[in-house]
Amino acid sequence: MAAWALSQQPWLTRILPPCQFKLATGFPCATCGLTRGIIHLMQGNLEAAWQYNPLSVIGVLGLLVWLWLAWLYPSLAIRTFRGLSSNRGLLVLAGGLLVLWLWKLCQPATTW
């Protein structure tokens, strides 16, 4: 509840620190815009959240679905967590981040 109330403050997106990777290299990292995207998602602005970082929408919705299924089927949550912590699961997550990073690099610099 407190996170939602805080996300309703328009000044919040202006005081967030800039990405250190982007400051050092001039290129966005795979998670650039994730915090701002989640803030927009909590405000109900799905389009702005997607534009900042698609992972904010995919990750939050995926997490909500996983938590709901874990609540319904606790053994499924344990198996899923073990699967993600395996080498194969980590490779899938790393590959997803790489694809996201390449997508962000192909976007016009004005959207960074």
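Look a little higher up for the structure.
Throughout what follows, the structure given in this document is the object of discussion. (Residues numbered from 1 in each chain as written. Predicted model: local features only at pLDDT ≥ 70, side-chain atom pairs only at ≥ 80, totals over all residues. Heavy atoms only, no water.)

Description of the overall build of the protein chain
Across its full length, the protein chain carries eight helices and zero strands. For the protein chain, the N- to C-terminal ordering of α and β elements is α-α-α-α-α-α-α-α. For the protein chain, the proportion of its 112 residues judged to be buried stands at 20%. Here the contacts in the protein chain between residues at least 6 apart in sequence split such that 41% fall between residues at least 24 apart. (Helix = DSSP H or I, 4+ residues; strand = E, 2+ residues; numbered from the N terminus. Buried < 20%, exposed > 50% of the residue type's maximum accessible area, 1.4 Å probe, protein only. Contact = heavy atoms within 4.5 Å.)

Here we look at the packing of helix α4 (residues 34-42) against helix α6 (residues 54-72)
With their axes 8 Å apart at the nearest point, α4 and α6 run at an angle of 60° to one another. Classified by the angle their axes make, α4 and α6 are oblique. Considering the relative orientation of α4 and α6, their crossing is right-handed. Where α4 approaches α6, its residues Leu34, Gly37, Ile38 and Leu41 are matched on the opposing element by Leu55, Ser56, Val57 and Val60. Looking at the contact of α4 with α6, its residues break down into six nonpolar, two polar and no charged. (Axes fitted to C-alpha atoms, helices over the stretch in contact; angles between N-to-C directions. Parallel < 35°, antiparallel > 145°, perpendicular 65-115°, else oblique. Left-handed = near helix turned anticlockwise from the far one by under 90°. Nonpolar A, V, L, I, M, F, W, Y, C, P; charged D, E, K, R; others polar.)

A closer look at helix α8 (residues 87-106)
Given 3.6 residues per turn, any residue in an α-helix points the same way as the ones three and four places further on. The first and last C-alpha atoms of α8 sit 29 Å apart over 20 residues, in line with the 28 Å expected at 1.5 Å per residue. Taken residue by residue, α8 has Gly89, Leu100 and Lys104 as its buried positions. One side of α8 carries all its buried residues, which in axial view fall inside an arc of 55°. The exposed set on the far side of α8, more than 90 degrees from its buried face, consists of Asn87, Arg88, Leu91, Val99 and Cys106. (Expected span 1.5 Å × (residues − 1). Arc of directions from axis to C-beta.)

Describing α6
In this model, α6 (19 residues) spans 27 Å end to end at C-alpha, consistent with the 27 Å of a helix rising 1.5 Å per residue. Considered for burial, the residues of α6 that qualify are Pro54, Ser56, Val57 and Ala70.

Details of the packing of aromatic side chains
Within the structure shown, the criterion is met by one aromatic pair. With a centroid separation of 5.9 Å and an interplanar angle of 70°, the aromatic rings of Phe21 and Trp101 are classed as edge-to-face. Note that Phe21 is positioned in helix α3 (residues 20-25) and Trp101 in helix α8, a separation of 80 residues in sequence. Overall, the relative accessible area of 30% leaves Trp101 in the partly exposed class. (Phe/Tyr/Trp six-rings, centres within 6.5 Å; stacked < 30°, edge-to-face > 60°.)

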